[in-house]
Amino acid sequence: MNIGSHVLAMPTPLYDVNLRYAKAFNDRLAFKIVGSYLLATDWQAGDFRDHADLNDLTLNRYSNPGYDGVNTYGDESLVSLNLQEVAPQVIGGIAESQGIEPGTPEFDELYSRAIPYFPDQMVTRTGWTENDLADDKTENIRLAGALHYFITDRMKAIIQANYAQGTSVYTAQNRFSARDFRIFSGKFELNNPNFYIRAWGVTENSGSSFDIGGAALLMNETWKPSELWFQDYLTAYTQTALISGDMNNAHQFARLVADNRDPETGNIFDNTKPSFPLYGTAEFNRILEDVSSTSIADGGAQVFDQSKMGQVEGMYDFTHLIQFMEVQVGISERFYSINSNGTIFMMSRVNR
């Protein structure tokens, strides 16, 4: 997985241990136990191309103020800023501060000089990589046991249970960190050559799983609301661009002001104001934990799922009773209990 990876330099080991034990006590009773444990470094998503143009590999956070990386999160701001859209309001505010009335030659001159610095350019917030937000560890534990008992020479009863617990990262509509999710399933079966009756079910628990992209968006809103962040960005950009005439440097400076932090050194410019939480800092860990441990239904990013599924089914073969044709009759009923508190499904309900 390290070949061509931006985030994994060296190969990492994969540990996979399996066990199986079975024993027959006599010609009627036997049991089997199986288990496995897997530990590995998960595949880490490191596609840092810009959604604006996936074919332009030169686009990044420094070359494009509106950078939205494929595997960076938090830069898909809940509030957006397009310089072209805010230009009239900003220029009008500058004119008002200088006592220049709209419709005058002075206003037209100011507008003509300032408008080139407000092109059709999106600005996005600073985000984090997936490696910052999600654990790269994959861990999986599986246990299963079964008891087989011959009630008669032709009729057997089976009781089986399975349990699994794991941590990983998976892709759905977004990237999700599946932490300590658990699945339990069980089965009871009674069969002989002419019929069978079977009942089985599955229940799951999402543990402390959370939406990675949603968590990053909420983290940005937590340390500094987007309205305030864009206000600081726009003010710093406008002043710098109009004075220096260099839009690229103005964008870089505006991001430093809005983030209130040097990403290279980690230095905070103004300790009286909130600053961008860098990965590994106590503030980053605190905000991520708060957001990821709060349910989506309550304004956080944690996924809640304790849904269940069960089925009862049976079949009888009348062939041994009807000699001239084969007749089989079966019945099956399945039910679902959807319980996600609105974090996955719109409502909780039981379906049959």
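This is a predicted model, so every value here is computed, not measured.

Draft legend 1. Up close: unusual backbone geometry. Of note, the phi angle at Asp180 is positive, near 55°, even though the residue is not glycine. One can find Asp180 in strand β9 (residues 175-192). Assessed through its relative accessible area of 36%, Asp180 is described here as partly exposed. You will see that Asn260, though not glycine, has its phi angle at about 55°, which is positive. Structurally, Asn260 is set in the loop between α6 (247-259) and α7 (282-292). By relative accessible area, which is 5% here, Asn260 ends up buried.

Draft legend 2. Quick look at the packing of aromatic side chains. A complete count under the given rule lists 13 aromatic pairs for this structure. Seen from their ring centres, Trp229 and Phe230 are 5.1 Å apart, and the 90° between their planes marks the pair as edge-to-face. The burial state of Trp229 is the same as that of Phe230; both residues are buried. Grouped by ring-pair contacts, the aromatic residues Trp128, Trp223, Phe276, Tyr279 and Phe284 constitute a single cluster.

Draft legend 3. Main features of the side chain of Asp50. The residue Asp50 is located in the loop between β2 (29-41) and β3 (72-73) in this model. For Asp50, which is buried and forms no salt bridge, the nearest opposite charge comes from Arg61, at a distance of 7.5 Å. Beyond its immediate sequence surroundings of up to four residues, Asp50 is in contact with Leu59, Asn64, Gly66, Tyr67 and Asp68.

Draft legend 4. Here's a closer look at the layout of surface pockets. Within this model, the largest pocket holds a volume of roughly 630 Å³. Considering the residues around the largest pocket, the lining is formed by 22 residues, among which Arg61, Tyr62, Thr126, Gly127 and Pro263 are closest to the centre. At the level of elements, β6 (128-129) and α6 are the ones that each hand at least two residues to the lining of the largest pocket. The greatest single-element share of the lining of the largest pocket, amounting to 4 residues, is contributed by α6. Here the lining of the largest pocket is composed, by residue class, of 9 nonpolar, 5 polar and 8 charged. Along its surface, the second largest pocket is lined by 14 residues, and Val90, Gln231, Leu234, Thr235 and Thr238 are the ones closest to its centre. Elements supplying a minimum of two residues to the lining of the second largest pocket: α1 (83-97) and α5 (226-244).

Draft legend 5. Broad picture of empty space enclosed by the protein. Enumeration over the complete set of coordinates arrives at 1 cavity of 30 Å³ or more. Taken together, Asp42, Trp43, Gln44, Ala45, Glu130, Asn131, Ala134, Asp135, Asp136 and Val169 form the lining of the largest cavity. Residue composition of the lining of the largest cavity, grouped by class: 4 nonpolar, 2 polar and 4 charged.

Definitions and cut-offs
Throughout, residues of each chain are indexed from 1 in the direction in which the sequence is written. At least 70 in pLDDT is required for a residue's local features to be given in this predicted model, at least 80 for side-chain atom pairs to be given and counted, and no such filter applies to totals for whole chains, interfaces and linings, which use all residues. Processing note: side-chain calculations cover all non-hydrogen atoms of the structure and skip hydrogens and water entirely. Each helix is a run of H or I in the DSSP string that is no shorter than four residues. Each strand is a run of E no shorter than two, and both are numbered from the N terminus. Using a 1.4 Å probe on the protein chains alone, a residue whose accessible area is under 20% of its type maximum counts as buried, one over 50% counts as exposed, and one in between counts as partly exposed. Classification of ring pairs uses Phe, Tyr and Trp, with its six-membered ring standing for Trp, and accepts pairs whose centres are within 6.5 Å; under 30 degrees between planes counts as stacked, over 60 as edge-to-face, and the remaining range as tilted. Counting rule for charge: Lys and Arg are taken as positive, Asp and Glu as negative, and neither His nor the chain ends is counted. Salt bridge, as used here, is a side-chain nitrogen of Lys or Arg placed within 4 Å of a carboxyl oxygen of Asp or Glu. Two residues qualify as a contact provided that any one of their heavy atoms is within 4.5 Å of a heavy atom in the partner residue. With a 1 Å grid laid over protein atoms only, a set of points is called a cavity when a 1.4 Å probe fits there but cannot get out and a pocket when it is open yet has protein on both sides within 12 Å along at least five of seven lines; lining residues have an atom within 4 Å of a point. Grid points are joined across faces, edges and corners, and a volume is the space filled by probe spheres set on the points. The residue classification treats Ala, Val, Leu, Ile, Met, Phe, Trp, Tyr, Cys and Pro as nonpolar and Asp, Glu, Lys and Arg as charged. All others, Gly included, are polar.

Note that all results are geometric; they support no functional claim without further evidence.
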